[in-house]
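# Descriptive analysis of the structure
Residues per chain, in single letters:
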Amino acid sequence: MHGKRILIGISGGIAAYKIPLLVRLLKKSGAEVKCVMTNSAKEFVTKEVLSTLSENIVYDAFWDHDDGTWNNHVDLGIWADLFVIAPLTANTLSKMSSGTCDNVLLASYFSLRKKCIVFPAMDLDMYTHDSVKRNINQIESDGVKVIPAATGDLASGLSGQGRMPEPEEIYNIIQDCLLPNTLLKDKKILITAGPTYESIDPVRFIGNHSSGKMGYALANAFAEKGANVTLISGPTNLHIKNSLIELHQVTSAKEMFELVQQNWNQSEIGVFAAAVADYSPKNISDSKIKKNEDELQIDLVKNPDILYWAGQNKISTQKLIGFALETNDEEKNAIKKLNKKNLDAIVLNSLSDKGAGFGFDTNKVTILDKSSNKLGFELLSKDETANNIVTYIEQLYK
Ligand code: CTP
């Protein structure tokens, strides 16, 4: 959930003691978390714990009396992609339904621009009281998503409906809400990215100018849709941003090939964006080659064509997408590759387009597929291009 901004509102119920675990789960998933709490919530969980785990200030008042600063009461509501109120007490519920705004949590709720999910938690008789039911109906009709309380042992010693769900369950509900239930959720995606370096001697190699940006942007776009991504990358300066991406770093085409062979069977979709060196030195010198002669010849041998191998070992439910970088007869050459490598689609980058290709942050691509469809895009950022490619693949997967 990298980059998602989650505001957690904590009102004063015993279940508040579980919220630090939820904050930890969300932070581990890459989300940004801020907490806002009512005064009575502080009886059950401390600001210090929440602030340490969320790595953010915790808001509990309109004014910070220590340094006299005013906490803008609408900032949090504008900041959040999602407001999760857990536990939601009968008191805070009542204020939400009636429009009472006497603390920062409520001010955040009334200034919220996006979605709100609440987890009511209270004793069983309170939970079934007509006024609580009425208030729940009211906030539901105001657009709030109300998650029914769980059943089990309650703090009062009684047993029944009124428990707050466990942090793991709350986390899953948040994830479902933020990551739309796309076809790609939980799908296993294999991506190759970056250049490969083929050693000549201990200090030199044959490589290319690929930055890996396109492959990493694709990995991110898939992960944003909830897919599990295995990213096999040649040497780059890039970092992964999403916990759904498993990164394997390799150097040579041979290493990349071995990892693809290990992972392709279990994958549902493969997108091969790596700029794999076509040849590598026949012999790698054990010691640094000295410049004794005026001319030096290095014998090269063909590297395995990784994408071709995947195409030959593809079953009908798998989808395989390759890239083609062409300088002339672009579409013709790309379609040749599509057929030869048994692909479902190929993404054509043309080096003749200004701002497209190696090293740039932008790209201009055309997708050609085996049903002879052609989909051209403008010059866009690599992130936008990746989103377009992923949206196309999602349609293909349908
Ligand atoms: N590819 C691969 N393994 C290789 C060479 C290419 O997996 N040894 C993949 C690339 O990741 C890309 C596609 O094949 O998805 C096409 O790569 P490209 O370099 O455009 O084509 P080649 O097949 O190498 O043909 P040529 O260099 O002759 O154009």
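Shown above is the structure to which this text applies.
What counts and how
- Residues numbered from 1 in each chain as written.
- Predicted model: local features only at pLDDT ≥ 70, side-chain atom pairs only at ≥ 80, totals over all residues.
- Heavy atoms only, no water.
- Helix = DSSP H or I, 4+ residues; strand = E, 2+ residues; numbered from the N terminus.
- Rg over C-alpha atoms; globule rule 2.2 N^0.38 Å.
- Contact = heavy atoms within 4.5 Å.
- Near = heavy atom within 4 Å.
- Polar contact = N/O pair within 3.5 Å; in protein donor to acceptor, adjacent residues only side chain to side chain.
- Areas by Shrake-Rupley, 256 points an atom, 1.4 Å probe, with all protein chains shown as cover.
- 1 Å grid on protein atoms, 1.4 Å probe; cavity = no way out; pocket = protein on both sides within 12 Å on 5 of 7 lines; lining within 4 Å.
- Sits in = over half its atoms within 2 Å of the grid points.
- Salt bridge = Lys/Arg side-chain N within 4 Å of Asp/Glu carboxyl O.
- Buried < 20%, exposed > 50% of the residue type's maximum accessible area, 1.4 Å probe, protein only.

## Some words on the overall build of the chain
The number of helices and strands found in the chain is 13 helices and 24 strands. Taken over the C-alpha trace, the chain has a radius of gyration of 27 Å; the compact-globule value for 398 residues is 21 Å, which it surpasses by more than 25%. Projecting the C-alpha coordinates of the chain onto the three principal axes gives extents of approximately 85 × 50 × 40 Å. Taking all contacts inside the chain whose residues are at least 6 apart in sequence as the whole, residues at least 24 apart take part in 66%.

## What to know about the site of the ligand
In the vicinity of the ligand lie 14 residues, with Phe272, Ala274, Phe323, Lys337 and Lys341 positioned nearest. Leu307 is positioned with one of its backbone polar atoms (N or O) 2.9 Å from an oxygen atom of the ligand. Phe323 is positioned with one of its backbone polar atoms (N or O) 2.8 Å from an oxygen atom of the ligand. Isolated, the ligand exposes 570 Å² of accessible area, and the fraction of that covered by the protein chains is 76%. In this structure, the ligand is accommodated by the largest pocket. Elements that contribute at least two residues to the shell around the ligand include exactly α11 (306-312) and β19 (319-326). The element contributing the most residues to the shell around the ligand is β19, with 4 residues.

## Observations concerning the side chain of Thr196
Inspection of the secondary structure assignment puts Thr196 in the loop between β11 (188-193) and β12 (198-201). For Thr196, the side chain forms a polar contact with the side chain of Glu198, separated by 2.8 Å. Residue contacts for Thr196: discarding those within four places in its chain leaves Ile206, Gly207, Asn208, Thr251, Ser252, Ala253, Met256, Ala275, Val276 and Ala277.

## Topic: the pattern of salt bridges
One pass over the full model with this rule turns up 19 salt bridges. Several salt bridges share partner residues, and in doing so they unite Lys18, Arg163 and Glu166 into one network.

## A few points about the environment of Gly13
The topology assignment puts Gly13 in the loop between β1 (5-10) and α1 (19-28). Judged by its relative accessible area of 11%, Gly13 is buried. For the pair formed by Gly13 and Thr89, sequence separation is 76 residues and the distance between their alpha carbons is 6.2 Å. Each residue touching Gly13, except ones within four places of it in the same chain, is listed here: Phe44, Pro87 and Thr89.

By themselves these figures say nothing about function.
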